[in-house]
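# Fold and contact review
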Amino acid sequence: MLSIVCLCSILIAGEGVRFDAGLRPQFTARQIAGSSEATRAGLAQLAATEHGRKLIEYFNNAEFQVSVTEDTSEDGVGRAPQPGIATLVAATDHSKTKEFDLLLNPAFFRTLPKGMAPLPNQPSSAADVMALAWAGEMLHIYFYAQGISLPHHAREDFQDDWQTIVTELGMPTMTHDDGDERAVMRRRATVRFIGRR
């Protein structure tokens with residue numbers, strides 16, 4: 001039996017996700033019933049990366065609460081709304097709990113047409129897309145937790161972190177920047193932060 005070493009402040013279906021000694025998520029029956037397979041598989045993919053583990057370890061703290069909600073009305077695969085100014089200002093006050101929302105849309109991914117092979121270094125499944133969504137939106141929440149408000153995309157440290165994590169996920173050509181958000185607003189059919197360099 002695996003020992004549970006981390007009860008993270010990432011909440012799915014209202015419960016903190018538990019991670020084993022290898023930082024693999026161990027979902028409860030309630031979390032399995034209250035979330036999609038793609039959302040859970042995406043978190044597992046993120047947790048399998050070095051940078052993903054660092055994010056999980058950072059949020060393994062009573063100071064934070066990240067509430068995950070699946071929302072099929074989202075225009076992209078995910079979004080981490082900026083918290084209120086009080087949360088941003090409280091970044092250095094470690095006695096206060098900072099709450100963040102993470103919205104994921106696992107239904108956004110359309111399966112590849114039958115017989116079509118995925119492009120190299122591109123997501124080929126809903127789980128891959130959710131791993132990218134988890135990565136991008138958890139990076140935003142990490143910056144919020146530091147008291148850094150939007151926009152983040154133009155920041156060199158954000159882009160460095162993004163490039164590191166997508167490389168670890170095996171999709172190094174994926175981008176996450178303002179151009180991707182503008183494309184979604186224009187076309188409403190493109191993943192918010194996924195593109196090619």
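Okay, so let's go over this structure.

Reading the values: rules and limits
Residues numbered from 1 in each chain as written. Predicted model: local features only at pLDDT ≥ 70, side-chain atom pairs only at ≥ 80, totals over all residues. Heavy atoms only, no water. Helix = DSSP H or I, 4+ residues; strand = E, 2+ residues; numbered from the N terminus. Buried < 20%, exposed > 50% of the residue type's maximum accessible area, 1.4 Å probe, protein only. Contact = heavy atoms within 4.5 Å. Areas by Shrake-Rupley, 256 points an atom, 1.4 Å probe, with all protein chains shown as cover. Polar contact = N/O pair within 3.5 Å; in protein donor to acceptor, adjacent residues only side chain to side chain. Axes fitted to C-alpha atoms, helices over the stretch in contact; angles between N-to-C directions. Parallel < 35°, antiparallel > 145°, perpendicular 65-115°, else oblique. Left-handed = near helix turned anticlockwise from the far one by under 90°. Nonpolar A, V, L, I, M, F, W, Y, C, P; charged D, E, K, R; others polar. Salt bridge = Lys/Arg side-chain N within 4 Å of Asp/Glu carboxyl O. Expected span 1.5 Å × (residues − 1). Core = buried A, V, L, I, M, F, W, Y, C linked by side-chain atoms within 4.5 Å.

## Points about the overall build of the protein
For the protein, the helix and strand inventory stands at 7 helices and 6 strands. The order of α-helices and β-strands along the protein, N terminus first, is β-β-β-α-α-α-β-β-α-β-α-α-α. Each of the 197 residues in the protein was classed as buried or not, and the buried ones make up 48%. Contacts in the protein between residues far apart in sequence, at least 24 positions, make up 63% of those at least 6 positions apart. Split by element, the accessible area of the protein, about 9600 Å² in all, is 52% carbon and sulfur.

## Digging into the side chain of Gln159
Checked against the element boundaries, Gln159 lands in helix H6 (residues 156-168). A relative accessible area of 18% means that Gln159 is categorised as buried. At 2.9 Å, the side chain of Gln159 and the backbone oxygen of His153 are in polar contact.

## Regarding the packing of helix H2 (residues 37-47) against helix H5 (residues 126-145)
Where H2 meets H5, the closest approach of the two axes is 7 Å, and the angle between their N-to-C directions is 60 degrees. Between H2 and H5, the angle falls in the class oblique. For H2 against H5, the interelement crossing comes out right-handed. Within the contact between the two elements, H2 uses Ala38, Thr39, Ala41, Gly42, Leu43, Gln45 and Leu46 and H5 uses Ala126, Ala127, Asp128, Met130, Ala131, Trp134, Ala135 and Met138. Residue composition of the contact of H2 with H5, grouped by class: 11 nonpolar, 3 polar and 1 charged.

## Regarding the packing of helix H3 (residues 50-59) against H6
Any two packed helices are characterised by how steeply their axes cross, that is the angle between the axes, and by the distance between the axes. H6 packs onto H3 with a crossing angle of 120 degrees between their chain directions and a minimal axis gap of 8 Å. One finds that H3 runs oblique with respect to H6. Mapping the contact onto sequence places Glu50, His51, Gly52 and Leu55 in H3 and Asp161, Thr164, Ile165 and Glu168 in H6. Looking at the contact of H3 with H6, its residues break down into 2 nonpolar, 3 polar and 3 charged.

## Notes on the pattern of salt bridges
Where charged atoms from two side chains of opposite charge approach closely, those side chains can pair. Applying the stated criterion to the full structure yields 7 salt bridges. The closest approach of N and O atoms between Arg24 and Asp20, which form a salt bridge, is 3.1 Å. Judged by its relative accessible area of 46%, Arg24 falls in the partly exposed class. Its relative accessible area of 0% is what places Asp20 among the buried residues. As a salt-bridge pair, Arg40 and Glu37 come within 2.9 Å of each other at their nearest N and O atoms. With Arg40 and Glu37 both in helix H2, this residue pair falls 3 residues apart, about one helical turn. Under the relative-accessibility criterion, Glu37 is labelled exposed at 54%.

## Let's talk about H6
Residues lying three or four places apart along an α-helix face the same way, a consequence of the helix completing one turn every 3.6 residues. With 13 residues, H6 extends 18 Å from end C-alpha to end C-alpha; this agrees with the ideal 18 Å at 1.5 Å per step. Restricting attention to buried positions, one finds in H6 the residues Phe158, Gln159, Trp162, Gln163, Ile165 and Val166. Gly170 sits one or two residues past H6 and shows a positive phi near 85 degrees.

## Structural notes on the nonpolar core
Core analysis: the biggest nonpolar cluster contains 43 residues, and Trp134, Met138 and Ile141 have the highest contact counts within it. Sorting the residues of this core by element identifies strand S1 (4-12), strand S2 (15-20), H2, H3, strand S4 (64-70), strand S6 (98-104), H5 and H6 as the ones contributing at least two each. When residues in this core are grouped by element, the largest group, 13 residues, is from H5. Trp134 has contacts with Ile10, Ile12, Thr39, Gly42, Leu43, Leu46, Val68, Leu102 and Leu104, leaving out every residue within four places of it along the chain.

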